[in-house]
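Observations on the three-dimensional arrangement
Letter by letter, the chains look like this.
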Amino acid sequence: MNFKIRSTGEFAGATREITAIVMDINQTATKIKSYVDKEKKEAEGAEEKASDQERSGTPGKTSNKKDSLPKGAPRIVYWNER
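In what follows, the accompanying structure is described.

About the cut-offs
- Residues numbered from 1 in each chain as written.
- Predicted model: local features only at pLDDT ≥ 70, side-chain atom pairs only at ≥ 80, totals over all residues.
- Heavy atoms only, no water.
- Helix = DSSP H or I, 4+ residues; strand = E, 2+ residues; numbered from the N terminus.
- Buried < 20%, exposed > 50% of the residue type's maximum accessible area, 1.4 Å probe, protein only.
- Areas by Shrake-Rupley, 256 points an atom, 1.4 Å probe, with all protein chains shown as cover.
- Pairing = 2+ DSSP bridges.
- Axes fitted to C-alpha atoms, helices over the stretch in contact; angles between N-to-C directions.
- Salt bridge = Lys/Arg side-chain N within 4 Å of Asp/Glu carboxyl O.

This paragraph deals with the overall build of the chain. What the chain contains, in helices and strands, is one helix and three strands. N-terminal to C-terminal, the α/β element order of the chain is β-β-α-β. Among the 82 residues that make up the chain, the fraction classed as buried is 6%. With an accessible surface of roughly 7,700 Å², the chain has 51% of that area assigned to carbon and sulfur atoms.

Set out below in structure tokens:
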């Protein structure tokens with residue numbers, strides 16, 4: 001999903017170092033969504049056990065409007081040169 005690239009170059013007595021952190025945004029978003037969904041299920045299960053007294057139907061669900069994520073190669077999210 002993500003990785004760090006560190007490159008050091010030397011030429012004519014000068015040294016430069018580049019550090020970049022790269023992420024696959026689509027895969028990261030999918031992984032985070034699965035964690036959030038799991039957490040919501042656990043919270044709903046605990047809530048049902050705690051307040052079973054006055055439950056009249058299921059709560060209204062909000063519409064999940066999916067944002068289109070960029071497709072393609074992983075994106076550079078951090079870049080540093082020194």
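Pairing geometry for strand E1 (residues 2-11) and strand E2 (residues 14-23), over ten bridges, is antiparallel. Looking at the pairing, Phe 3 lines up with Val 22 of E2. The turn linking E1 back onto E2 is made up of two residues, and Ala 12 within it adopts a positive phi angle of 50 degrees.

Another aspect to go through is unusual backbone geometry. Located in the positive-phi region is Ala 12, a residue other than glycine, with phi close to 50 degrees. Along the chain, the position of Ala 12 falls in the loop between E1 and E2.

Spatially, E1-E2-E3 is the arrangement adopted by the three strands of the open sheet, whose pairing is antiparallel. Taken across any chain shown, the strands that pair with only one partner, and hence form the sheet edges, are E1 and strand E3 (75-81). For this sheet the average axis-to-axis angle between neighbouring strands, irrespective of direction, equals 20 degrees.

Pairs may arise between side chains of opposite charge once their charged atoms sit close together. According to the stated counting rule, one finds three salt bridges in the structure shown. For Arg 82, the salt bridge is made with Glu 17, and the minimal N-O distance between the two is 3.1 Å. Taken together, the residues Arg 82 in the segment after E3 and Glu 17 in strand E2 connect sequence positions 65 residues apart. Overall, Glu 17 belongs to the buried group, its relative accessible area being 14%. Here Lys 33 and Asp 37 are joined by a salt bridge, their closest N and O atoms 2.8 Å apart. Here the residue Lys 33 and the residue Asp 37 both occupy positions in helix H1 (residues 25-50), the gap between them amounting to four residues, near one helical turn.

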